[in-house]
Amino acid sequence: MRTRDEWESWYRQPNPWHYDGTLEDEVRTSALLERLRHAHFDQALDVGCGEGRLTNALTAVANRVTGFDISATAIERAQARYPHIRFWQGDLLDVVRRPDVLATPFDLVVASEVLYYLPTDDERKEAIAGLSHLGTPSCLFYFSVIVTGASAGRRYFTHDGFASLLSEHFAVIDSFPSVASFPRALTLLGKLMRSSQKRVQLMGRWNAASRPEHCRHMGYFALKRQVAPISATLN
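I will try to describe carefully the structure that is included in this document. (Residues numbered from 1 in each chain as written. Predicted model: local features only at pLDDT ≥ 70, side-chain atom pairs only at ≥ 80, totals over all residues. Heavy atoms only, no water.)

## So, the pattern of salt bridges
Within the structure shown, the criterion is met by eight salt bridges. The partner of Glu-113 in a salt bridge is Arg-28, with the nearest N and O atoms 3.9 Å apart. Placement of Glu-113 in the loop between strand 4 (108-112) and helix 7 (121-131) and of Arg-28 in helix 2 (residues 23-35) is noted, with a sequence separation of 85 residues between them. Residues Glu-113 and Arg-28 agree in their burial class; the two are buried. (Salt bridge = Lys/Arg side-chain N within 4 Å of Asp/Glu carboxyl O. Helix = DSSP H or I, 4+ residues; strand = E, 2+ residues; numbered from the N terminus. Buried < 20%, exposed > 50% of the residue type's maximum accessible area, 1.4 Å probe, protein only.)

In structure tokens form, the structure reads like this:
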């Protein structure tokens, strides 16, 4: 899916991702918030926010949160569910060029599970370059993508390939399992637990101990590469 019409068709389904309360989504969100537990931000931006579940979770670590998504239907649902958050419709490649977005001093920018929907390498590079222009000089960026062992040219990334792609505009300061591949026995054990919190904690411990090659999704924290002033390069 790439065009707005395709996404609108997708979001005509109720809960198209089946993410409302799913273990995978809760583990991914928990892994992010655990790493941000000692941080707090003034303004956060969630690009490709969908129906706003993660966007709402970010309110635990940010004073103000804004979400963008290509689908007007998704934005309508998100706004109805989370009226305390500002949601706007917009294509990622357009959002990163918007003067109002560029002028907003975001200190946290999130692009979770969105970049692999851009179908060409040129669009992916354009999106990452555009994102690097957003936010304050010290803005923290969080990316989450599906990783596989597949070769270049496939829809998803490899861990090393995505880190290399980010490094053109960012300094990657941390990478970690966003969602690991859970053994069947562990998944069955989780289902036997009545407490959803304990299930997330169980999977979270497995997540934290997993290596990139055992993950379905990896998370990355990155900072913008700072360009030295011309005067500094001449000294």
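## As for the environment of Glu-6
The topology assignment puts Glu-6 in helix 1 (residues 4-10). Along the sequence, Glu-6 and Ser-71 sit 65 residues apart, while their C-alpha atoms lie 9.0 Å from each other.

## Section: the packing of aromatic side chains
Taken as a whole and judged by the stated rule, the model has 13 aromatic pairs. Between Phe-141 and Phe-170, the ring centres sit 4.8 Å apart and the planes meet at 65 degrees, which makes this aromatic pair edge-to-face. Remark: Phe-170 occurs in strand 6 (residues 170-180) and Phe-141 occurs in strand 5 (residues 140-146); sequence separation between them is 29 residues. With 5.4 Å between their ring centres and 75 degrees between their planes, Phe-143 and Phe-170 make a pair best called edge-to-face. One end of the pair, Phe-143, is in strand 5; the other, Phe-170, is in strand 6, with 27 residues separating them in the sequence. (Phe/Tyr/Trp six-rings, centres within 6.5 Å; stacked < 30°, edge-to-face > 60°.)

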